[in-house]
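Breakdown of the fold
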Amino acid sequence: MIEAVGLTKRYGDKTAVDDLSFQVRPGMVTGFLGPNGSGKSTTMRMILGLDTPTAGHVTVNGSPYRSLPNAPRHVGALLDAKAVHGGRDAYRHLLSIAQLSGIPAHRVDDVLELVGLSEVAGRRTKGFSLGMGQRLGIAAALLGDPQVLLFDEPVNGLDPEGILWVRNLMKSLAAEGRTVFVSSHLMSEMALTADHLVVIARGRLLADMSVREFIAANSAGFARVRVPDTGPQQREALTAALTRAGAQVLPEQDGALRVTGLPLPRISDVAHEAEVRLWELSPHHASLEEAYMRLTQGMVDYRSSADPQIGMRPAPVPGRSDGWDPDPGPGAPFQPVHAADGPTFSKDPR
Ligand SMILES: Nc1ncnc2c1ncn2[C@@H]1O[C@H](COP(=O)(O)OP(=O)(O)OP(=O)(O)O)[C@@H](O)[C@H]1O
């Protein structure tokens, strides 16, 4: 278990991590998400005792990292896969880490086998591809067979087969009861790998909840409705009837209708009353990526002037208790969201 309480890090007048409190529990994969520069790496460095908090504290299994006896046997981490001595071969690189940490040498062969680098163990690491370097970094994290694992962008540079391998590795480490904390910008991958999410922006906690709760709290589900392709009359009649009943109706590119604001049985009843036959009535949920974009909208420090997010901005849903307001205005309160708080959130006014 990793526990951060009021964790804060300031570099001069820059607050990289701002009063962050969260727990990372064993037996599951916890994804650590946030825009570029939001403080993920700084947080991970503080967990590993590489940076000293300005305020607050963070513990691993109840103790600060630096107080853990033989810390590498308890905590393994991949922070920067490029941080290797390029002149050494993979075996010697891992052996030197093992020797410094009191880890038996046979573990080097074990982890090389585990990450699929046994055949290139004698090659100098400076000739390694990005993906091989990532695998070597993961091998180093696993050397001490630790209960707690931190991975900063572990799938960076990996091909699809490598990404699948990392996904299965994370899940199997968690299934063994370990604590697995992993940062990534690949939302589709996080949706498949993580059970729980800690989301930060500008150093502050935005959400701490399961992936399912996060998507439910930060996305508007909708229904897709399709009528027979017999002309526009049926679609127009249904659009009018649904709108009268309080729904928001938008045309989809393939001729279907995207309906929000009414439950599916009600949509079916309204169609029946309007004497419109339905060919499709299906529930749809947003992806993790859409939910993440929605939550972090306006809290991204680095963005292209041709902002691709503009087109992703979903329409506010009338009548929803979490009706999303893209601009809450100055002075709007900032509240981090925990699972227990229910599906409401407010935006950082900065
Ligand atoms: N040693 C440092 N000195 C000054 N500022 C720093 C230092 N380390 C980090 N920062 C700043 O703190 C903020 C958080 O950086 P950090 O690297 O933790 O973010 P991140 O979420 O890991 O970003 P990315 O997703 O781009 O890796 C950034 O604004 C960064 O410029």
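Predicted model, so just to flag it, every value in this text is computed and none were measured.

Reading guide: rules and limits
Residues numbered from 1 in each chain as written. Predicted model: local features only at pLDDT ≥ 70, side-chain atom pairs only at ≥ 80, totals over all residues. Helix = DSSP H or I, 4+ residues; strand = E, 2+ residues; numbered from the N terminus. Domains from an automatic or database assignment. Pairing = 2+ DSSP bridges. Axes fitted to C-alpha atoms, helices over the stretch in contact; angles between N-to-C directions. Contact = placed C-beta atoms within 7 Å. Near = placed C-beta within 6 Å. Nonpolar A, V, L, I, M, F, W, Y, C, P; charged D, E, K, R; others polar. Buried ≥ 20, exposed ≤ 12 C-beta atoms within 10 Å, placed from the backbone.

1. Re unusual backbone geometry
Non-glycine residue N61 carries a positive phi angle of around 50 degrees. Following the sequence through the fold, N61 ends up in the loop between β4 (55–60) and α2 (71–74). Positive phi, close to 55 degrees, is recorded for E275, a residue that is not glycine. Locating E275 in the fold gives a position in the loop between α10 (264–273) and β13 (280–284).

2. Notes on the domain arrangement of the protein chain
Looking at the protein chain, the domain boundaries give domain 1 (2–216) and domain 2 (222–284). Each of domain 1 and domain 2 was reduced to a C-alpha centroid, and the two centroids are 47 Å apart.

3. Brief notes about the sheet that holds strand β1 (residues 2–11)
By way of backbone hydrogen bonds, the strands of a sheet pair with one another, either parallel or antiparallel. Read from one edge of the open sheet, three strands run β2-β1-β4, paired in antiparallel fashion. In this open sheet, the two strands that pair with only one neighbour each are β2 (14–24) and β4. In this sheet, neighbouring strand axes are inclined to one another by 20 degrees on average, regardless of whether the strands run parallel or antiparallel. Examined bridge by bridge, β1 and β2 share seven bridges and lie antiparallel to one another. Note on β2: the bridge partner recorded for L7 is L20. Strands β1, β2 and β4 of the sheet are contacted by helix α1 (residues 40–47), whose axis makes an angle of about 120 degrees with β1.

4. Let's talk about the site of the ligand
Taken together, Y11, K14, A16, G34, N36, G37, S38, G39, K40, S41 and T42 make up the full set of residues near the ligand. Mapped onto the shell around the ligand, the elements with two or more residues apiece are β2 and α1. The dominant element in the shell around the ligand, judged by the number of residues it contributes, is α1, at three residues. Of the residues belonging to the shell around the ligand, the class tally is two nonpolar, seven polar and two charged.

5. Points about the pairing of β13
With zero of its five residues buried, β13 lies for the most part at the surface. Pairing of strand β10 (residues 222–226) with β13, which is carried by five bridges, proceeds in the antiparallel orientation. Within the sheet, the bridge partner assigned to R224 lies in β13 and is S282.

6. Topic: the sheet that holds β10
Pairing within the open sheet is antiparallel, and its four strands lie in the order β11-β12-β10-β13. With partners counted over all chains shown, the strands left at the sheet margins are β11 (248–251) and β13, one partner each. Sheet twist, expressed as the average angle between the axes of neighbouring strands with direction ignored, equals 25 degrees. Its contacts with the sheet put helix α9 (residues 232–244) on β11 and β12 (257–260), and the angle it makes with β12 is roughly 10 degrees. Relative to the sheet, α10 contacts β10, β12 and β13, its axis offset from that of β13 by approximately 160 degrees.

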